Amino acid sequence: MEQEQQIPITPEEARASLAEIDQVTLRIRQTIAAGITAPLLILWGSIWMVCFATEQYYPVWSQKVWFTLVAVGTVVSMLSGLYQSPIKTNGASPLMGRMGLAWLILFAYAALWARYLGPWEIPHHAYNALLNRKSGAYTCTICMFAYTLMGLWLDRVLMYLGIAVTILTLVGYLYAADYFYVWMAVTGGGALLLTGLFIRKFWR
Amino acid sequence: MNDLDPIINVPARLRIMAALTALNPSSQLDFRTLGKSLGLTDGNLGAHLQTLETAGYIKVEKSFVERKPRTHVAVTSKGRARFEAHVAALRAICRV
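Residues numbered from 1 in each chain as written. Chains lettered and ligands numbered in written order. Predicted model: local features only at pLDDT ≥ 70, side-chain atom pairs only at ≥ 80, totals over all residues. Heavy atoms only, no water.

**Looking at the environment of Thr 31 of chain A**
Put simply, the test is: Helix and strand definitions here come from DSSP, where helices need a minimum of 4 consecutive H or I residues and strands a minimum of 2 consecutive E residues; each element is numbered from the N-terminal end. Throughout this description, buried means an accessible area under 20% of the type-specific maximum (1.4 Å probe, protein chains only), exposed means over 50%, and partly exposed covers the range between. In this analysis, two residues are considered to be in contact whenever any of their non-hydrogen atoms come within 4.5 Å of each other. The term polar contact refers here to a pair of N or O atoms within 3.5 Å; inside protein, the definition further demands a hydrogen-donor-capable atom paired with an acceptor-capable atom, and it admits residues adjacent in sequence only when both atoms are side-chain atoms.
The topology assignment puts Thr 31 of chain A in helix H1 (residues 11–57). With a relative accessible area of 11%, Thr 31 of chain A lands in the buried category. C-alpha separation for the pair Thr 31 of chain A and Ile 199 of chain A, spaced 168 residues apart in sequence, amounts to 9.0 Å. The contact partners of Thr 31 of chain A, leaving out residues within four places of it in the chain, are Trp 203 of chain A together with Thr 33 and Ser 37 of chain B. Of note is the side chain of Thr 31 of chain A, whose polar atom sits 2.8 Å from the backbone oxygen of Arg 27 of chain A.

In structure tokens, the structure reads:
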């Protein structure tokens, strides 16, 4: 039998084969991430940039712009997940259990964070501006926590991106004051967009 | 005696098996993505996939997505077990 024959191989060749396996494993994960993640990061980075810039300079239009672009982004994300993914999953994936756990952690984080970022009662004269800024920062950090969780299971670059944008959001919330939205357009939207472009260029 | 698998112990097939076992057991990878990420031509990849499929290490599934043919490849449980044994054998040789 062919399989029972001993194959002559030196320890150096065995080491080279193991290194090759590690390299291929990393490469395939990066290729998959580039195929799925990069276009979505570019899309959501652009949406954040446009929406936050509108919020800063044309606040009257901001609600409509946010609503429309987030709806478009959600539909495009779902469709690209269905049709563009290089991976097809049959039956229950082990990822499904992780997804359920991730949602639970995300809700717990959202509840705790709402408590910490509070109080939501704000003096009337500062109400709108501060509440809008607060809810903006809150929503962004929740999204970035989701990226961080995804990064733990998919690719570390998403985790670093989530942490970096969370820090940038908090810095903007605490120090950018009236320029918070333009800060978020540049740092938050920009970080998503640049990470997407980086993955697209170097991981394919 | 080492437990190296002669079917897997070919550079291109080792890389194919490494790529497919990196996925979840229930996942299948698109043929084009596999070839592109391993730097293999369609013909070369197809030939190696046929050898692995004949051995029962992988399964190939053809389907249509938006009326375009797409081929997906997945490792079988037998293939995963043989690949893990192959990797263990390589590690054992390194320790010699």
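After presenting the structure, the write-up continues.
**Thoughts on a nonpolar patch on the surface**
All names here are of chain A. The cut-off we apply is this: To count toward a patch, a residue needs a relative accessible area above 30% and no salt bridge. Like charges then connect within 9 Å, nonpolar side chains (Val, Leu, Ile, Met, Phe, Trp, Tyr) within 5 Å. The accessible surface values rely on the Shrake-Rupley method and a 1.4 Å probe; as for residues, cover is taken only from the protein chains in view. Each reported salt bridge corresponds to a side-chain nitrogen of Lys or Arg within 4 Å of a carboxyl oxygen of Asp or Glu.
On the surface, a cluster of nonpolar side chains totalling about 440 Å² of accessible area is made up of Leu 101, Leu 104, Ile 105, Leu 152 and Trp 153. Mapped onto the nonpolar patch, the elements with two or more residues apiece are helix H3 (94–117) and helix H4 (127–153). The greatest single-element share of the nonpolar patch, amounting to 3 residues, is contributed by H3. The residue Ile 105 is located in helix H3 in this model. According to the relative accessible area criterion, Ile 105 is partly exposed, its value standing at 32%.

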